[in-house]
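The lines below spell out each chain.
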Amino acid sequence: MPPKKKEAGPSKKTELKKKEKVIEDKTFGLKNKKGTKQQNFIKHVEKQVKSGVILSASEQAKKKKDELEKKKKEQDELNLLFRPVQQKIAKEADPKSVLCAFYKQGHCAKGDKCKFSHDITVERKAEKRSLYHDARDEEDTMENWDEKQLEECVRQKHGDSEAKKPKTDIVNADIVIQMHASMHACTHI
């Protein structure tokens, strides 16, 4: 049987003894203390040494700084993604005449303090008209029409209704007599 090969590094027993020595050095005089702070420190040191991770104070500070930067970067990303949305309205418009977009979705947390309206009927109301602006100036009036447009308008309004009426040659005698009497009554007064 060939001899066993020796490991290149120190044996497991020597490594274990070194770790125990480090723990004893770092926790010297603290084992008999009764405070939870000291006991937690001892457990933390033992955990560090047994796991094989021994960091110096500067390395720990650097690691903490990196973690803080990472958290800040993540927080900035979240703030960018979920930044509050501002509802835009015209300068002249009264905010209470505009329905709150968040209330409409059921997410407005401001309640009575919200500057926008929480009344659903507001959305259905007509926009307020300006007292200083005449909307009639912008309308297309008959004064600007040419003859073709006028004829087309008259045909649309009255031309179809005349075609639908039944044509008759019968004249009611009573109507003729009343018309004749009203004409003569006006002249004799």
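Please refer to the structure higher up on the page.
These notes cover the structure that comes with them. Note that residues are indexed from 1 along each chain, following the sequence as it is written. Reporting in this predicted model follows two pLDDT cut-offs: at least 70 for local features of residues, and 80 or more for side-chain atom pairs to be given and counted; totals over whole chains, interfaces and linings ignore these cut-offs and use all residues. For side-chain calculations, the full set of non-hydrogen atoms in the structure is used, while hydrogens and water are omitted.

1. Observations concerning the packing of helix H1 (residues 12-26) against helix H2 (residues 36-51)
For any two helices packed against each other, one specifies the crossing angle of their axes together with the interaxial distance. Spelled out, the test is: Lines are fitted to the C-alpha atoms to define the axes, a helix being fitted only along its stretch in contact, and any angle between axes, read from their N-to-C directions, falls within 0 to 180 degrees. Secondary structure follows DSSP: runs of H or I at least 4 residues long count as helices, runs of E at least 2 residues long count as strands, and numbering of each begins at the N terminus. Throughout, the term roughly parallel applies to angles under 35 degrees, roughly antiparallel to angles over 145, roughly perpendicular to angles from 65 to 115, and oblique to all others. Crossing handedness follows the turn of the near helix against the far one: under a right angle anticlockwise gives a left-handed crossing, and clockwise gives a right-handed one. The contact criterion used is simple: two residues touch if any of their non-hydrogen atoms lie within 4.5 Å. Side-chain classes are defined by residue name, with Ala, Val, Leu, Ile, Met, Phe, Trp, Tyr, Cys and Pro counting as nonpolar, Asp, Glu, Lys and Arg as charged, and the others, Gly among them, as polar.
Remark: H1 packs on H2, axes separated minimally by 10 Å, with the N-to-C direction vectors making an angle of 155 degrees. In terms of orientation, H1 lies roughly antiparallel with respect to H2. Taken as a pair, H1 and H2 cross one another with a handedness that is right-handed. Every residue of H2 that contacts H1 at Lys19, Val22, Ile23 and Lys26 is listed here: Phe41, Val45, Glu46, Val49 and Lys50. A per-class count over the contact of H1 with H2 returns five nonpolar, no polar and four charged.

2. Some thoughts on the side chain of serine 117
The cut-off we apply is this: Only protein chains enter the calculation, and the probe is 1.4 Å; a residue is then buried if its accessible area is under 20% of its type maximum, exposed if over 50%, and partly exposed in between. Polar contact criterion, stated in full: a pair of N or O atoms within 3.5 Å, where within protein one must be able to donate a hydrogen and the other to accept it, and residues adjacent in sequence count only if both atoms are side-chain atoms.
Along the chain, serine 117 turns up in the loop between helix H4 (101-105) and helix H5 (147-164). Given the relative accessible area of 6%, serine 117 is considered buried. There is a polar contact of 3.1 Å between the side chain of serine 117 and the backbone nitrogen of aspartate 119. Discounting residues that sit within four places of it in the chain, serine 117 has contacts with Pro95, Lys96, Val98, Leu99, Cys100 and Val122.

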